[in-house]
Structure formats: structure tokens, C-alpha cells
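# Report on the structure
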Amino acid sequence: MASAFILPQVLPAMKIRWLNDWLSDLMWIKQKDIVLLVYDYDLMLTDDLKIKKNIVADFEEIILPWWEGEIVGHMVGRVPRGFEVYLER
């Protein structure tokens, strides 16, 4: 995910709001639709289940609705994009 979304190697103290902002930008990705595959989801953040839960909730409540249409009212000339997330266990 870090290389595809051009995330820095070290996230600033894993600030969730910062990650949400980053994932609500992605203007450098030219494809119309975005697909995020999360392999070994069950192993992701096993040492911090609260952050894991917050990340999933933020995708459901912030990031996906943004790309599905909220972007239109906030950014001039932007259109909705498909953004699918698949969790592989």
C-alpha cells in the first residue's frame, strides 16, 4: 500500500486523520477506479485493535463516501471515482 499510494516510509505517529486526508487526495493516480487489496487482514495491527477498528470505520464513514460523491462538492473539477477495498483473511 505504501508504494502504490506513495505513502512516506514513516507515518507521522500513525495519525489517523493524516492518513484519511492522504487517502482523500490520490490525484496522482490516473486510473478512474481504485482497488485496495489488504492481504492477511487478520494479522494487520494485531497489537493495536483500536486503531485497526478506527481505520476500518474511517474507510466506511469518510474515505469511501468521499470518493463515491462527496468530492464533487468540495473540489472544483473533480468527479467521483470507484474505490473498492477487499480484505483477505
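These numbers come from a predicted model, not from an experiment. (Residues numbered from 1 in each chain as written. Predicted model: local features only at pLDDT ≥ 70, side-chain atom pairs only at ≥ 80, totals over all residues. Heavy atoms only, no water.)

### Digging into unusual backbone geometry
Backbone geometry places Leu26, a non-glycine residue, at a positive phi of 50°. Summarising the element assignment, Leu26 is placed in the loop between helix H1 (16-23) and strand S1 (34-38). In this model, Asp40 sits at a positive phi of 55°, which is unusual for a non-glycine residue. (Helix = DSSP H or I, 4+ residues; strand = E, 2+ residues; numbered from the N terminus.)

### Topic: the pattern of salt bridges
Across all of its chains, the model carries 1 salt bridge by this definition. Between Arg89 and Asp42 there is a salt bridge, with the nearest N and O atoms lying 3.7 Å from each other. Residue Arg89 is found in the segment after strand S2 (83-87), and its partner Asp42 is found in the loop between S1 and helix H2 (49-68); the two are separated by 47 residues along the sequence. When its relative accessible area of 63% is taken as the criterion, Arg89 is described as exposed. (Salt bridge = Lys/Arg side-chain N within 4 Å of Asp/Glu carboxyl O. Buried < 20%, exposed > 50% of the residue type's maximum accessible area, 1.4 Å probe, protein only.)

### A few points about a negative patch on the surface
On the surface, Asp33, Glu68, Glu70 and Glu84 cluster together into a negatively charged patch. Of note, Glu70 is situated in the loop between H2 and S2. (Patch = residues over 30% accessible without salt bridge, like charges linked within 9 Å, V, L, I, M, F, W, Y side chains within 5 Å. Areas by Shrake-Rupley, 256 points an atom, 1.4 Å probe, with all protein chains shown as cover. Lys, Arg positive; Asp, Glu negative; His and termini not counted. Charge placed at Lys NZ, Arg CZ, Asp CG, Glu CD.)

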